[in-house]
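The chain contents come next:
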Amino acid sequence: MTDIHQAQTALGDVAARTLANATKTIPMMGTITPRWLTHLLQWVPVEAGIYRVNKVKDPDEVEVDCSNKDERELPATYVDYEEWGREYVLSAVNTVLDVHTRVADLYSSPHDQTREQLRLIIETIKERQEKELVNNKEYGLLNNVARNMKIKARTGAPTPDDLDDLISLVWKEPAFFLAHPKTIAAFGRECTRRGVPPPTVSMFGSQFLTWRGLPLIPCDKIGITGGKTSILLLRTGESRQGVVGLYQPGLQGEQGMGLSLRFMGINHKAIASYLVSLYCSLAVLTEDALGVLENVEVGKYHEYK
């Protein structure tokens, strides 16, 4: 005889779910990062996609005098310019998004399919933008450090002494360090070993380690090869003769700084196409605005007894 206590006496979960609506999130993407670098740079609008950096020629030859109480003749001088400054041309990060109109028409509740596709595409383009700002062969930070602004880690792991040496290079109003998250963790271990835990600062609603008052900004676009990587130190801003980001304003279909979205039409297969473009570059206005600590090891650990 069937046990009466085991018999179903009410509607079960599986059947009940056929009448229920699940709350659905928008699509998540694990490759999206905070992209702190783009937030911390000053962005300068450029005309015709070109930015020319003009400099003073032989600045040490400009003569001035501190007058004494006499009638000696004052020096006559002038400031010369380099004939051709370096020109930075904006580069483009592009892609074309295809969305079938049937999918957009039938499956856009509660979340609009076209809007979410565009959101994820734009996030991916911005991730590539930050990667180019760090690694691009022409204008990327790692490839635009002057020879006299490069130093190597003393013992491999990033130590407070190494960062102090880097600050001594970029000493005119430095803004922040830029390093891979694993590099920042390695620096934290070295500080802990020495009994000098670095203080933290709150920015953009997040906590950052600091050294000598300068935040260490994490960026996973700085590569790690063979367990070694680099730490950058930047001075930012045009008025400070630092590092600036460049973008093209006034684009057709502008969605943000240098970001353009254009509808390209619907083809005979009922597929709608959208062109997404982002125009950007980066300029180092003076050599001493950017320094790098190279050959930094991130895999060194210590035993604490």
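From a predicted model like this one, the values you see are computed outputs, not experimental measurements.

K.L.:
Explain the pattern of salt bridges to me, please; I cannot follow it from the model alone.
P.N.:
Opposite charge on two side chains permits them to pair, given that their charged atoms come into close proximity. Under the counting rule described, the total for this entry stands at 16 salt bridges. Close ionic contact of Arg52 with Glu87 constitutes a salt bridge, the shortest N to O distance being 2.4 Å. Of this pair, Arg52 sits in strand β2 (residues 50–53) while Glu87 sits in strand β5 (residues 86–89); the two residues are 35 residues apart in sequence, bridging distant segments of the chain. Given the relative accessible area of 38%, Glu87 is considered partly exposed. Each of Arg35, Glu123, Glu127, Glu130, Asp220 and Lys221 takes part in a single network of salt bridges with overlapping partners.

K.L.:
What is the right way to look at the nonpolar core in this model?
P.N.:
Nonpolar side chains in soluble globular proteins tend to end up buried together. Counting residues in each nonpolar core, the largest one holds 69 residues, and the members touching the most others are Tyr51, Phe177 and Leu178. The greatest single-element share of this core, amounting to 8 residues, is contributed by strand β16 (residues 271–284).

K.L.:
Teacher, can you tell me more about the side chain of Thr236 here?
P.N.:
Take Thr236: it is sitting in the loop between β12 (228–234) and β13 (243–247). Take Thr236: its relative accessible area is 12%, and that puts it in the buried class. Ignoring sequence-local partners within four residues, the contact set of Thr236 consists of Leu40, Leu41, Ala175, Phe176, Gly242 and Val243.

K.L.:
Please clarify how the layout of surface pockets should be interpreted in this entry.
P.N.:
Where empty space is left can be seen by rolling a probe of water-molecule size over the atoms. When its volume is computed, the largest pocket comes out at roughly 320 Å³. Lining the largest pocket, in full, are Val53, Asn54, Lys55, Val56, Pro59, Glu82, Glu238, Gln241, Leu285, Thr286 and Glu287. Split by residue class, the lining of the largest pocket holds 4 nonpolar, 3 polar and 4 charged.

K.L.:
Looking at this model, I keep getting lost on a negative patch on the surface. Mind explaining?
P.N.:
Taken together, the side chains of Asp58, Asp60, Glu61, Glu63, Asp80, Glu82 and Glu83 present a region of like negative charge at the surface. As for its position among the elements, Glu61 is in the loop between β3 (56–57) and β4 (80–81). Accessibility expressed as a relative area gives 57% for Glu61, which makes it exposed.

Definitions and cut-offs
Residues numbered from 1 in each chain as written. Predicted model: local features only at pLDDT ≥ 70, side-chain atom pairs only at ≥ 80, totals over all residues. Heavy atoms only, no water. Salt bridge = Lys/Arg side-chain N within 4 Å of Asp/Glu carboxyl O. Helix = DSSP H or I, 4+ residues; strand = E, 2+ residues; numbered from the N terminus. Buried < 20%, exposed > 50% of the residue type's maximum accessible area, 1.4 Å probe, protein only. Core = buried A, V, L, I, M, F, W, Y, C linked by side-chain atoms within 4.5 Å. Contact = heavy atoms within 4.5 Å. 1 Å grid on protein atoms, 1.4 Å probe; cavity = no way out; pocket = protein on both sides within 12 Å on 5 of 7 lines; lining within 4 Å. Points joined across faces, edges and corners; volume = space filled by probe spheres on them. Nonpolar A, V, L, I, M, F, W, Y, C, P; charged D, E, K, R; others polar. Patch = residues over 30% accessible without salt bridge, like charges linked within 9 Å, V, L, I, M, F, W, Y side chains within 5 Å. Areas by Shrake-Rupley, 256 points an atom, 1.4 Å probe, with all protein chains shown as cover. Lys, Arg positive; Asp, Glu negative; His and termini not counted. Charge placed at Lys NZ, Arg CZ, Asp CG, Glu CD.

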